[in-house]
Amino acid sequence: MRIRSALTAVAVVLAGLVAGVGSSSAAGSSSAAAYCGITWGSAEKSAGALSDAPLTEVRTGRHDCYDRVVFEFAGPVDGYAIGYGETWTEGEGLALSPYTAGGALLRVSLRAPAYDDAHQGTVPYAVGEHVANLLRYSTLRDVVFGGSFEGYSTFAVGVRARLPFRVLVLTGPGTHRRIVLDVAHQW
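Residues numbered from 1 in each chain as written. Predicted model: local features only at pLDDT ≥ 70, side-chain atom pairs only at ≥ 80, totals over all residues. Heavy atoms only, no water.

J.: How should I be thinking about the state of the cysteines in this particular structure?
T.: Simply put, disulfide is the name for a covalent bond between the sulfur atoms of two cysteines. One pass over the full model with this rule turns up one disulfide. One disulfide bridge connects C36 with C65, the sulfur atoms lying 2.0 Å from each other. Every disulfide takes its handedness from the sign of the S-S torsion; for C36 and C65 that torsion is -70°, giving left-handed. Here the residue C36 occupies a position in the loop between α1 (2–24) and β1 (45–47), and C65 occupies one in the loop between β2 (55–62) and β3 (66–73), the gap between them amounting to 29 residues. Among the residues examined, C65 registers a relative accessible area of 18% and is labelled buried. (Disulfide = S-S within 2.5 Å. Helix = DSSP H or I, 4+ residues; strand = E, 2+ residues; numbered from the N terminus. Buried < 20%, exposed > 50% of the residue type's maximum accessible area, 1.4 Å probe, protein only.)

Here it is in C-alpha cells:
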C-alpha cells in the first residue's frame with residue numbers, strides 16, 4: 001500500500017514538472033539559450049577539393065567556450081571531411097579508436113598530403129602517434145595521426161563526448177592556409 005502511495009506521489013510530481021515545462025514558453029519565456037551562442041551541431045561537415053599543398057603543423061588551443069585543433073598547410077587548402085565515427089589509418093585500414101583517448105571520436109580527413117613532392121614527410125609524426133599534450137583541456141582528449149596516403153591525411157580527434165563542432169578555413173599567414181576544428185565544451 002505504501003509503495004502504491006509513493007508511486008502515485010511521484011507520478012503527480014512528474015506530471016506537474018512536465019506541464020510546467022510545456023507552459024513556460026507559453027508564458028512568454030523563450031527556449032534555453034545556446035551555450036556561448038554556439039549553434040554548430042554535430043553532423044558531419046565537408047567541403048573543398050584535393051590540394052597538393054602539404055600539411056606543415058598541427059597545434060591545439062583552449063578557449064572559453066571551445067577547444068581548437070589547427071591544421072596548417074604550406075599553400076592553398078580548403079578540402080576536408082570531419083564527422084563522428086571510427087577513424088582508419090590511411091593506406092592500412094587500421095582502426096584508431098583503441099589507441100585514441102576520449103568518449104567520442106572525430107574522424108578528420110584532410111584533402112591534402114603530409115608529404116612534399118619528393119614524398120618526404122612534412123610533419124614529425126608517425127602513424128599512430130599522439131600529436132598534442134591536452135592536459136587541462138575541457139573537451140579535447142587526444143589527437144592521433146592516422147597517416148597520409150594518395151594525397152589525403154587522416155587524424156583521430158578524441159573528445160570528452162559527442163559535442164557540437166565547426167570547421168573553418170582561414171587564410172594566412174603569407175600563402176599558408178589553416179583548417180580549424182573547434183569543439184564546444186557543452187551543448
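Now that the structure has been shown, we can carry on.
J.: I'm lost on the side chain of S153 in this one. Help?
T.: Mapped onto the fold, S153 is located in strand β7 (residues 152–159). Of the residues examined, S153 reaches a relative accessible area of 0% and is grouped as buried. A distance of 2.9 Å separates the side chain of S153 from the side chain of S148, its partner in a polar contact. Setting aside residues no more than four positions away along its own chain, S153 makes contact with V108, S109, L110, A112, P113, A114, G147 and S148. (Polar contact = N/O pair within 3.5 Å; in protein donor to acceptor, adjacent residues only side chain to side chain. Contact = heavy atoms within 4.5 Å.)

J.: Would you mind showing me how to read the sheet that holds strand β6 (residues 140–149) here?
T.: Taken in spatial order, the five strands make up an open sheet running β1-β4-β5-β7-β6, and their pairing is antiparallel. Each end of this open sheet is capped by a strand with a single partner; those strands are β1 and β6. Neighbour-to-neighbour, the strand axes of this sheet turn through a mean angle of 15°, independent of strand direction. Bridge analysis of strand β5 (residues 104–110) against β7 gives seven bridges, and the strand direction is antiparallel. (Pairing = 2+ DSSP bridges. Axes fitted to C-alpha atoms, helices over the stretch in contact; angles between N-to-C directions.)

J.: Is there a simple way to explain the environment of V69 in this structure?
T.: With respect to the helices and strands, the residue V69 is situated in strand β3. Once residues within four sequence positions are removed from consideration, V69 is found in contact with V58, R59, T60, L140, V143, V157, I179, V180 and L181.

J.: What should I look at first to understand the nonpolar core in this one?
T.: One recurring pattern in soluble globular proteins is that nonpolar side chains are buried together. Core analysis: the largest hydrophobic core is formed by 33 residues, its most contacted members being F71, L106, F155, V157 and L181. Of all the secondary-structure elements, those providing two or more residues to this core are β2, β3, β4 (80–84), β5, β6, β7, β8 (165–171) and β9 (177–184). It is β5 that contributes the most residues to this core, four residues altogether. Ranked by size, the runner-up nonpolar core spans five residues in total, among them Y35, I38, C65 and Y66. (Core = buried A, V, L, I, M, F, W, Y, C linked by side-chain atoms within 4.5 Å.)

J.: Where do I start with the pattern of salt bridges in this structure?
T.: Pairing between side chains becomes possible if they bear opposite charge and their charged atoms approach one another. For the structure on display, the rule yields five salt bridges. E57 is the salt-bridge partner of R59, the closest N and O atoms lying 3.1 Å from each other. A relative accessible area of 29% means that R59 is categorised as partly exposed. Classification of E57 as partly exposed rests on a relative accessible area of 35%. Across the pair E72 and R59 runs a salt bridge whose closest N-O atoms are separated by 2.8 Å. Of the two residues, E72 is situated in strand β3 and R59 in strand β2; the sequence distance between them amounts to 13 residues. (Salt bridge = Lys/Arg side-chain N within 4 Å of Asp/Glu carboxyl O.)

J.: What's the story with the packing of aromatic side chains in this structure? I'm lost.
T.: Geometrically, a pair of aromatic rings is defined through the distance of the ring centres and the angle of the planes. Considering all chains together, one arrives at five aromatic pairs under this definition. With a centroid separation of 5.0 Å and 50° between ring planes, the pair formed by F71 and F155 is classed as tilted. Linking F71 in strand β3 with F155 in strand β7, this pair joins segments that are 84 residues apart in sequence. Residues F71 and F155 agree in their burial class; the two are buried. A ring pair is formed by Y84 and F165, whose centres lie 5.7 Å apart and whose planes are at 75°; its orientation type is edge-to-face. In this pair, Y84 is assigned in strand β4 and F165 in strand β8, connecting sequence segments 81 residues apart. The class for Y84 is buried, based on a relative accessible area of 14%. Here the aromatic residues F71, Y125, F145 and F155 are joined through ring pairs into a cluster of three or more. (Phe/Tyr/Trp six-rings, centres within 6.5 Å; stacked < 30°, edge-to-face > 60°.)

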